[in-house]
Amino acid sequence: MLVLAATALLALAALRPAAAEDWTPTRPIRLLVPYGPGGSSDVIARAVAVEMSRDLGQQVVVENKGGGQGTIATVEAARARPDGYTLVLGHVGTLAVNPAMMPKLPYSPTKDFAPIILLAKLPMVFALNARVPANDLASFVALAKKEPGKLNYGSAGNGSAGHLAFEMLKTATGIDVVHVPYKGTGAQLQDLLAGNIDAASAGLPGLLPQAESGRVKIIAVGSSRRLDAIPDVPTVAESGYPGFESSQWFGLLAPAGTPASAIARLNKAAHAALASESVRLRLAQDSSEVSGAGPADFAAFIVAEEKRWGEVVRRANLHAE
């Protein structure tokens with residue numbers, strides 16, 4: 001009877017679901033980034049990948065595959081083998097904006113992926129060329145309403161985070177300013193400094209040095225709270241437009257069908273990365289807000305963001321190029 005009992009216990013153990021610690025990678029993991037090197041997505045992905053590699057005992061290799069408004073890398077990830085060895089950096093553009101801007105989107109943000117973790121949010125800020133006769137959001141709105149259609153703003157491209165943030169601002173304030181798309185943040189900021197465009201919305205890192213030198217004026221922050229790096233600059237919400245929230249965000253996802261044990265282990269490694277001093281310092285430099293929301297909360301967040309940004313796209317009548 002003792003032998004039979006022991007045999008039964010062994011059989012039950014063999015049938016139990018694998019725990020998170022039971023999945024351990026045995027080869028490098030690919031992390032696809034839907035945008036080119038040097039941008040916020042790339043910076044965050046590489047910082048997190050280094051620390052995840054330490055925790056997992058296998059290298060997490062970042063692969064930049066830009067193009068198609070982020071669809072190239074995202075589609076590749078959706079079609080990859082769901083074994084835990086291919087991840088993709090999810091972004092507000094690929095998961096919340098593209099579904100509304102691209103009627104024939106070749107992937108489903110909610111059906112084709114298994115969310116792992118929401119890593120961080122990067123607040124958008126609104127800035128003016130130094131020569132624009134406005135020093136805060138209220139005076140800029142008044143100027144734009146006085147001369148509708150005369151002022152313009154640049155973005156990193158059609159459908160970019162800056163484009164959508166400014167369209168959200170236009171809807172909230174009722175102003176009419178013209179969109180000027182560029183091929184990347186660098187070209188956009190260069191023309192803002194040169195005075196070829198009047199305004200722009202972007203993450204703080206590219207604008208802060210220019211604001212400190214007086215070449216641009218940061219007039220408002222798109223997040224729900226002020227940023228430590230620019231504590232005197234109010235949020236859009238506290239400037240008279242309650243509920244306004246505009247931030248880029250970044251998270252890790254795997255192909256749908258990836259085993260729960262792999263998702264749990266990858267989530268654990270990502271949490272360890274976010275807790276590391278190197279990642280926290282790097283995110284703080286960009287005024288990014290660490291999140292850490294797990295699979296279920298991240299999935300619900302994607303659904304809510306897809307709805308929210310979809311409304312912005314439809315109100316502004318935006319379409320993919």
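- Under an unreviewed UniProt entry, the protein has the name ABC transporter substrate-binding protein and belongs to Bordetella bronchialis.
- UniProt, in its Sequence similarities (unreviewed entry) section for the protein, records the words "Belongs to the UPF0065 (bug) family."

Thoughts on the overall build of the protein
Move 1: Secondary structure assignment for the protein yields 11 helices and 10 strands.
Move 2: Along the first, second and third principal axes, the C-alpha atoms of the protein reach 90 × 40 × 35 Å.
Move 3: Here the protein holds 321 residues, and the buried ones make up 51% of them.
Move 4: Restricting to contacts in the protein with at least 6 residues of sequence separation, those with at least 24 account for 79%.
Move 5: Carbon and sulfur atoms make up 55% of the accessible area of the protein, which totals about 14,300 Å².
Move 6: The distance from the centre of the 29 positive side-chain charges to the centre of the 28 negative ones in the protein is 4 Å.

Here's the deal with the packing of aromatic side chains
Move 1: For the structure shown, the criterion picks out eight aromatic pairs.
Move 2: The interplanar angle of 90 degrees and the centroid separation of 6.2 Å between the aromatic rings of tryptophan 249 and phenylalanine 298 together place this pair among those described as edge-to-face. One end of the pair, tryptophan 249, is in strand S9 (residues 247-255); the other, phenylalanine 298, is in helix H11 (residues 295-316), and 49 residues separate them in sequence. For the pair formed by tryptophan 249 and phenylalanine 298, the shared burial category is buried.
Move 3: Feature note: the residues Phe126, Phe140, Tyr153, Phe166 and Phe244 constitute an aromatic cluster, connected by ring pairs.

As for the packing of helix H6 (residues 161-173) against H11
Move 1: Axis separation between H6 and H11 bottoms out at 10 Å; the angle between their running directions is 70 degrees. The orientation of H6 relative to H11 falls into the category roughly perpendicular. Two secondary-structure elements touch here, H6 through Leu164, Ala165, Glu167, Met168 and Thr171 and H11 through Arg308, Trp309, Val312, Val313, Arg315 and Ala316.
Move 2: For the contact of H6 with H11, the class distribution of residues is seven nonpolar, one polar and three charged.

Here's the deal with unusual backbone geometry
Move 1: For glutamine 69, which is not a glycine, the phi torsion comes out positive at approximately 55 degrees.
Move 2: Relative to the helices and strands, glutamine 69 resides in the loop between strand S2 (60-64) and helix H3 (71-78).
Move 3: We classify glutamine 69 as partly exposed; its relative accessible area is 22%.

Calculation notes
Residues numbered from 1 in each chain as written. Predicted model: local features only at pLDDT ≥ 70, side-chain atom pairs only at ≥ 80, totals over all residues. Heavy atoms only, no water. UniProt positions renumbered as here; feature names shortened; annotations may be inferred. Helix = DSSP H or I, 4+ residues; strand = E, 2+ residues; numbered from the N terminus. Buried < 20%, exposed > 50% of the residue type's maximum accessible area, 1.4 Å probe, protein only. Contact = heavy atoms within 4.5 Å. Areas by Shrake-Rupley, 256 points an atom, 1.4 Å probe, with all protein chains shown as cover. Lys, Arg positive; Asp, Glu negative; His and termini not counted. Charge placed at Lys NZ, Arg CZ, Asp CG, Glu CD. Phe/Tyr/Trp six-rings, centres within 6.5 Å; stacked < 30°, edge-to-face > 60°. Axes fitted to C-alpha atoms, helices over the stretch in contact; angles between N-to-C directions. Parallel < 35°, antiparallel > 145°, perpendicular 65-115°, else oblique. Nonpolar A, V, L, I, M, F, W, Y, C, P; charged D, E, K, R; others polar.

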